[in-house]
Amino acid sequence: MTKQNDAHDKRWAVISLASIPLIMTLGNSMLIPILPLMEKELDISKLQSSYIITMYSIVAIFFIPLAGFLSDRFGRKKVIIPSLIITGLGGLVAGWASNSMSDPYLMIIVGRILQGIGASGAAPIVLPLVGDMFRDDKEASTTLGIIETSNTIGKVLSPILGAVLAAFIWFLPFYSIPVFCAVSVLMVGFLVKNKGGEEEHTSFKKYWGFAKDTMKKHGKWLIAIFLIGAILMFILFGFLFYLSSILEDKYDYKGIWKGVLLAIPLLALSIASFIAGRKINDNLKIMKWITFIGIILTGASVAVIPFMDHPVYLLSIFLICGSGIGMSLPCMDALITESLEKDVRGVITSIYSAMRFIGVAAGPPVIAIMMKGNIIWMISLLTIFALGAGLLAYRNINP
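Residues numbered from 1 in each chain as written. Predicted model: local features only at pLDDT ≥ 70, side-chain atom pairs only at ≥ 80, totals over all residues. Heavy atoms only, no water.

What counts here: UniProt positions are given in the numbering used here, feature names are shortened, and annotations may be inferred rather than shown by experiment.
The name that an unreviewed UniProt entry assigns to the protein chain is ACDE family multidrug resistance protein, with the source organism given as Virgibacillus litoralis. Database annotation for the protein chain, UniProt heading Sequence similarities (unreviewed entry): "Belongs to the major facilitator superfamily. TCR/Tet family." We quote the UniProt Subcellular location (unreviewed entry) comment for the protein chain here in full: "Cell membrane".

What follows is the structure, encoded as structure tokens:
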């Protein structure tokens with residue numbers, strides 16, 4: 001009976017943890033399909049609209065390492081729950097400004113900055129917490145696959161949900177964030193029993209020493225994973241921004257219908273992530289090769305974008321691209337959490353998460369600028385980045 005209760009408690013704990021990346025993804029990605037609408041409502045340019053995504057991620061880049069240290073020092077839940085509350089507050093600020101101010105753009109950015117601060121202490125801390133809770137490598141790998149799948153499910157739901165909410169009131173997606181965060185706070189507060197990171201209060205000096213020792217020992221493959229994570233997120237969010245703009249501006253797909261179209265290839269990303277998480281178990285070699293194959297699929301799909309000018313073709317290409325990225329992400333999560341000691345999981349996963357946020361932050365504005373010129377330059381950049389990531393995976397990932 002005790003084993004059954006433990007299994008039941010763990011199942012609900014995993015569901016609670018999975019709600020965090022789901023909500024953080026919704027908080028960012030569901031704005032992508034409505035950026036063209038925001039440009040009209042706020043009278044801003046494409047580059048300015050891209051900052052609504054980018055500011056969220058830039059702030060997170062700087063606060064994630066601090067959140068990692070605090071989670072190792074004081075406990076995962078003591079960082080996650082306040083972070084979720086700050087994220088919800090950011091949504092309230094952005095929603096209030098949109099509803100009450102004649103020129104709300106700057107206050108929307110302030111709200112997005114608050115959301116970014118909250119995001120830095122929520123989703124990145126989930127990875128080391130999983131490592132704390134599950135000592136069995138196979139169980140940890142499966143759980144990480146579920147967490148990454150939750151993240152990608154958020155990407156699938158986000159364009160549809162964002163378009164549905166904006167169909168009522170364009171700024172309603174901002175107000176939905178506090179509601180989602182409140183649910184997650186309750187779930188994590190009551191259902192996640194393991195608090196991890198509270199057994200020993202590590203000083204910053206000792207903590208920094210752990211990090212330096214880890215980079216000396218594992219730096220070659222860890223740096224490769226950090227860079228690959230940034231590149232894949234750059235491609236994903238850059239492609240999403242491009243596809244959202246093209247579907248509306250060139251092919252006249254708007255509202256909920258456009259959200260559904262964007263969700264189809266993202267569903268492939270979610271399925272690939274789930275399958276990869278189930279298949280890798282604790283085999284580090286398999287993780288490396290699945291990562292490499294996923295990157296090659298991503299690069300190959302991006303390279304053939306200019307071959308045909310049709311929305312179905314573009315969506316098909318993004319489906320392949322999403323599948324490649326989905327294969328790679330849970331493998332890189334597992335490589336980090338299963339190859340490192342608990343003492344340094346917080347700081348290393350924080351650096352990894354910060355690098356992924358760099359990709360998220362850079363993708364939309366870079367693509368917005370490059371869309372003004374010849375598309376070949378944009379495709380060349382994305383393809384070169386993918387090739388570089390593939391080379392890093394092949395040569396450097398040998399944990």
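Further notes follow.
1. A look at a nonpolar patch on the surface
For the record, the criterion: Only residues above 30% relative accessible area that lack a salt bridge enter a patch, with like-charged residues linked at up to 9 Å and the nonpolar side chains Val, Leu, Ile, Met, Phe, Trp and Tyr linked at up to 5 Å. Accessible surface area values rest on a Shrake-Rupley calculation with a 1.4 Å probe, where residue burial reflects the displayed protein chains alone. Within this document, salt bridges are pairs made up of a side-chain nitrogen of Lys or Arg and a carboxyl oxygen of Asp or Glu, the two lying within 4 Å of each other. The secondary structure listing takes helices from DSSP runs of H or I that are at least 4 residues long and strands from runs of E that are at least 2 residues long, numbered from the N terminus.
A cluster of nonpolar residues, Ile-264, Trp-289, Ile-293, Leu-297, Leu-319, Ile-320 and Tyr-394, forms a patch on the protein surface that exposes about 610 Å² of accessible area. Elements with a contribution of two residues or more to the nonpolar patch: helix H11 (284-303) and helix H12 (311-339). Examining the composition of the nonpolar patch, we find that three residues originate from one element, H11, more than from any other. Following the sequence through the fold, Leu-319 ends up in helix H12.

2. Focus on the packing of aromatic side chains
Each aromatic ring pair is characterised by the separation of its centres together with the angle its planes make. Under the convention used in this document: Only Phe, Tyr and Trp rings are paired, with Trp represented by its six-membered ring, and only when their centres lie within 6.5 Å; those with planes under 30 degrees apart are stacked, over 60 edge-to-face, the remainder tilted. Residue burial is assigned from relative accessible area. The probe radius is 1.4 Å, only protein chains are included, and a residue is buried under 20% of its type maximum, exposed over 50%, and partly exposed in between. Working rule: Lys NZ or Arg CZ, within 6 Å of ring centre, within 35 degrees of ring normal, means a charge sits over the ring.
According to the stated counting rule, one finds 10 aromatic pairs in the structure shown. Between Phe-239 and Phe-318, the aromatic rings sit 4.6 Å apart at their centres with planes inclined by 35°, giving tilted as the arrangement. Of this pair, Phe-239 sits in helix H9 (residues 204-249) while Phe-318 sits in helix H12, and the two are 79 residues apart along the sequence. An identical accessibility class is assigned to Phe-239 and Phe-318; each is buried. In textbook terms, an aromatic cluster arises when at least three aromatic residues are bridged by ring pairs, as seen for Trp-170, Phe-171 and Tyr-175. Here the guanidinium or amino end of Lys-288 rests over the ring plane of Trp-289, the centre of that ring lying 5.2 Å away.

3. Examining the packing of helix H10 (residues 255-279) against H12
Where we set the bar: Here an angle of 0 to 180 degrees is reported between the N-to-C directions of two axes, which are lines fitted to C-alpha atoms, with helices fitted over the stretch in contact. Orientation labels follow simple angle bins: below 35 degrees gives roughly parallel, above 145 gives roughly antiparallel, 65 to 115 gives roughly perpendicular, and whatever is left gives oblique. Here is the rule for handedness: rotate from the far helix to the near one, and if that takes an anticlockwise turn smaller than a right angle the crossing is left-handed, while a clockwise turn gives right-handed. The contact criterion used is simple: two residues touch if any of their non-hydrogen atoms lie within 4.5 Å. Each residue gets one label: Ala, Val, Leu, Ile, Met, Phe, Trp, Tyr, Cys and Pro are nonpolar, Asp, Glu, Lys and Arg are charged, and the others, such as Gly, are polar.
Orientation of H10 relative to H12, taken along the N-to-C sense of each, is 30°, at an axis distance of 7 Å. When the axes of H10 and H12 are compared, the pair comes out roughly parallel. Crossing of H10 over H12 shows right-handed handedness. Across from Leu-261, Pro-265, Leu-266, Ala-268, Leu-269, Ala-272, Ser-273, Ala-276 and Gly-277 in H10, the residues of H12 making contact are Leu-315, Phe-318, Leu-319, Gly-322, Ser-323, Ile-325, Gly-326, Met-327 and Pro-330. Of the residues that constitute the contact of H10 with H12, the class distribution is 13 nonpolar, five polar and no charged.

4. Considerations on H10
Spelled out, the test is: In a helix, the anticipated span is given by 1.5 Å times the number of residues less one. The seven residues ending at a residue and the seven starting there each receive a fitted axis; the angle between those axes is the bend at that residue.
Here H10 contains 25 residues, and its C-alpha end-to-end distance of 37 Å stays within 8% of the 36 Å for a straight helix at 1.5 Å per residue. Its maximal kink placed at Ile-264, H10 deviates by approximately 30°, while the proline Pro-265 follows within four residues.

5. Looking at the nonpolar core
Rules: We call a set of buried Ala, Val, Leu, Ile, Met, Phe, Trp, Tyr and Cys residues a nonpolar core when their side-chain atoms join them within 4.5 Å.
The biggest cluster of nonpolar side chains holds 86 residues, and the ones touching the most others in it are Met-38, Ile-52, Ile-228, Leu-236 and Ile-336. The element best represented in this core is H9, accounting for 22 residues. Sequence-distant contacts of Ile-336, that is, excluding residues within four places in its chain, are made with Trp-221, Leu-222, Ile-225, Phe-226, Ile-348, Thr-349 and Tyr-352. Counting 30 residues, the second-largest nonpolar core is a separate cluster that includes Ile-64, Val-79, Val-130 and Val-188.

6. A look at unusual backbone geometry
With phi around 55°, Asp-43 is a residue other than glycine that occupies positive phi space. Tracing the chain through its elements places Asp-43 in the loop between helix H2 (35-42) and helix H3 (46-74). The phi dihedral of Asp-252 falls on the positive side, at around 60°, and the residue is not glycine. For Asp-252, a relative accessible area of 53% translates into the label exposed.

7. Thoughts on the side chain of Ser-29
Take Ser-29: it is sitting in helix H1 (residues 2-29). Judged by relative accessible area, Ser-29 falls into the buried class, the value being 4%. Sequence-distant contacts of Ser-29, defined by excluding residues within four places in its chain, comprise Lys-155, Ser-158 and Phe-237.

8. Points about the environment of Glu-41
Residue placement: Glu-41 occurs in helix H2. Its relative accessible area of 44% is what places Glu-41 among the partly exposed residues. A C-alpha to C-alpha distance of 9.7 Å links Glu-41 and Phe-171, two positions 130 residues apart in sequence.

9. Comments concerning the confidence of the model for the protein chain
Low pLDDT marks stretches whose predicted atomic positions should not be read closely. To be explicit about the condition: The pLDDT value tells you how sure the predictor is about a given residue, anywhere from 0 up to 100.
For the protein chain, the average pLDDT comes to 84, and 90% of its residues sit at 70 or higher. The element-level mean pLDDT for the protein chain is lowest in helix H6 (residues 123-133), coming to 73, with helix H14 (residues 375-396) highest at 93. Residue range residues 195-199 is modelled with pLDDT below 50. Its contacts to residues more than four positions away, or to other chains, number 19 contacts.

10. What to know about empty space enclosed by the protein
The line we're drawing: In this analysis a 1.4 Å probe is tested at points of a 1 Å grid over the protein atoms alone, and where it fits but cannot get out there is a cavity; an open set with protein on both sides within 12 Å along at least five of seven lines is a pocket; lining residues have an atom within 4 Å of a point. Grid points are joined across faces, edges and corners, and a volume is the space filled by probe spheres set on the points.
A full pass over the atoms with the stated rule returns two cavities of 30 Å³ or more. As a volume, the largest cavity reaches approximately 360 Å³. As for the largest cavity, its lining consists of 21 residues, and the residues nearest its centre are Thr-25, Ala-123, Asn-151, Arg-356 and Phe-357. Counting only elements with at least two residues in the lining of the largest cavity, the list comes to H1, H6, helix H7 (137-168), H9 and helix H13 (342-370). The residue inventory of the lining of the largest cavity, partitioned by class, reads 13 nonpolar, four polar and four charged. Within this model, the second largest cavity holds a volume of roughly 30 Å³. Taken together, Ser-29, Ile-32, Pro-33, Lys-155, Ser-158, Pro-159, Leu-240, Leu-262 and Leu-266 make up the full set of residues lining the second largest cavity. Elements with a contribution of two residues or more to the lining of the second largest cavity: H7 and H10. Take the lining of the second largest cavity: its biggest share by element is three residues, from H7.

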